[in-house]
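# Inside the fold
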Amino acid sequence: MAELATIARPYAEALFRVAKAGSLAAWSDLVDEMAQVAAHPEVQALAQNPSVSHDKLAEVFAAAVKTPLSIEATNFVKTLVDNGRLVLLPEIAQQFHVLKNTSEGSADANIVSAFELSDAQVKDVVSALEKKFGRKLNPSVTVDSSLIGGVRVVVGDEVFDTSVRAKLQQLQAALAA
């Protein structure tokens, strides 16, 4: 949805500028939490309800976020509410993290493994991937047994797939051609 990304970008950039002046790590955690709250179906329904005032929506949203909101965060939420953009918070958070990673020279790496990986194995995989991608990686590991074996790594728009399932699909395509 290119439209949502386009609309969310200025909000993410503004939030990132505010966060750089303070603690980027604390803001990152807060943005994640706010995005989770904004993605909740009940909050989205409330945000779309025209009979709920902007002040009441901002108040309910702030109460739903467990972390106390700073003045800057409260103003940001009020701005989103006033402009009818509260439901964009998950997209804003995603773009915020891209900006954060870019400023830190890192990237998020989604590692999907066929089997559970130990901490040492994750460390080895991340070390090898950091050499391959040339930047620090922030890994998140999930298990998907349908891969049969191996791993599938997504870093930004790059995919590194060494899974058995991918190799079988390549073999099937070669045989069918």
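Residues numbered from 1 in each chain as written. Predicted model: local features only at pLDDT ≥ 70, side-chain atom pairs only at ≥ 80, totals over all residues. Heavy atoms only, no water.

In the annotation of an unreviewed UniProt entry, the entry for the protein chain reads ATP synthase subunit delta, and the organism field reads Herbaspirillum seropedicae.

## A word on the sheet that holds strand β3 (residues 151-155)
Hydrogen bonding along the main chain pairs the strands of a sheet, whether they run parallel or antiparallel. Strand order in the open sheet formed by 4 strands is β2-β1-β3-β4, and the pairing between neighbours is mixed. Whereas interior strands pair on both sides, the edge strands pair on one side only; in this sheet they are β2 (136-143) and β4 (158-161). Going across the sheet, the axis of each strand differs from the next one's by a mean of 20 degrees, ignoring polarity. Sheet topology places β3 next to β4; 4 bridges connect them, and they run antiparallel. Along β4, the bridge assignment pairs valine 154 with valine 159. On the sheet, helix α7 (residues 119-133) packs against β1 (106-113), β2, β3 and β4 and is oriented at approximately 135 degrees with respect to β2. (Pairing = 2+ DSSP bridges. Helix = DSSP H or I, 4+ residues; strand = E, 2+ residues; numbered from the N terminus. Axes fitted to C-alpha atoms, helices over the stretch in contact; angles between N-to-C directions. Contact = heavy atoms within 4.5 Å.)

## Description of the environment of proline 139
With respect to the helices, strands and loops of the structure, proline 139 is situated in strand β2. Sequence separation of proline 139 and arginine 85 is 54 residues, and the distance between their C-alpha atoms is 30 Å. In contact with proline 139, other than residues within four places in its own chain, are Ala109, Ile111 and Val126.

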